[in-house]
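# A closer look at the structure
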Amino acid sequence: VTVTHESDLDKAMEIALKSAKKHTKDVIEKTKKDPYIRTYFQPNGINVHVRYYSPAKNIQEISSNVTKEIFDSIMKTKNVRIAYPHREILYSKNK
């Protein structure tokens, strides 16, 4: 997910990691490999990329569940916003 530059990046990372851990707990127990986060600057925000192991036959289901949980959690969080391309115009009076 890409969050705005003004967002609480640590909170966004926490949401993504918590969601991935919740939906891959069986895989974590078997592989002993926890999900992890990578972040990247983007023109419209910061990309929070969560990586995790998943059985090939369940990857779409798990990915969908993780994505939905991240979205729902971000929508409930005041200081994290999903970024999207837009322009903001600020007017100032010059005297």
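Here the structure is a predicted model, which is why all the values come from computation and not from measurement.

### Details of the packing of helix α1 (residues 9-23) against helix α3 (residues 59-75)
Taken N-terminus to C-terminus, the directions of α1 and α3 make an angle of 140°; their axes are 9 Å apart at the nearest point. Here α1 and α3 pass one another in a crossing that is right-handed. Facing α1, whose interface residues are Ile-15, Ala-16, Ser-19, Ala-20, Lys-22 and His-23, α3 presents Ile-62, Asn-65, Val-66, Glu-69, Ile-70, Ser-73 and Ile-74. Looking at side-chain class alone, the contact of α1 with α3 contains seven nonpolar, four polar and two charged residues.

### Observations concerning α3
Across its 17 residues, α3 extends 24 Å between first and last C-alpha, which sits within 8% of the 24 Å expected from 1.5 Å per residue. Where the residues of α3 are buried, they touch β1 (2-3), α1 and β3 (45-51).

### As for the pairing of β3
Burial of β3 is extensive: five of the seven residues sit out of reach of the surface. In this sheet, β3 lies alongside β1 in antiparallel orientation, the contact comprising two bridges. The residue of β3 that forms the bridge with Val-3 is Ile-46. Inspection of the sheet shows strand β2 (residues 36-42) paired to β3 by seven bridges, in the antiparallel sense. If you follow Tyr-36 over to β3, its bridge partner there is Arg-51. The turn joining β2 and β3, which pair antiparallel and follow one another in sequence, is formed by two residues.

### Looking at the environment of Asp-8
Along the chain, Asp-8 falls in the loop between β1 and α1. Considered as a pair, Asp-8 and Thr-77 are 69 residues apart in the sequence and their alpha carbons are 9.8 Å apart. Discounting residues that sit within four places of it in the chain, Asp-8 has contacts with Asn-79 and Val-80. At a separation of 3.2 Å, a polar atom in the side chain of Asp-8 contacts the main-chain amide nitrogen of Asp-10.

Conventions used here
- Residues numbered from 1 in each chain as written.
- Predicted model: local features only at pLDDT ≥ 70, side-chain atom pairs only at ≥ 80, totals over all residues.
- Heavy atoms only, no water.
- Axes fitted to C-alpha atoms, helices over the stretch in contact; angles between N-to-C directions.
- Helix = DSSP H or I, 4+ residues; strand = E, 2+ residues; numbered from the N terminus.
- Left-handed = near helix turned anticlockwise from the far one by under 90°.
- Contact = heavy atoms within 4.5 Å.
- Nonpolar A, V, L, I, M, F, W, Y, C, P; charged D, E, K, R; others polar.
- Expected span 1.5 Å × (residues − 1).
- Buried < 20%, exposed > 50% of the residue type's maximum accessible area, 1.4 Å probe, protein only.
- Pairing = 2+ DSSP bridges.
- Polar contact = N/O pair within 3.5 Å; in protein donor to acceptor, adjacent residues only side chain to side chain.

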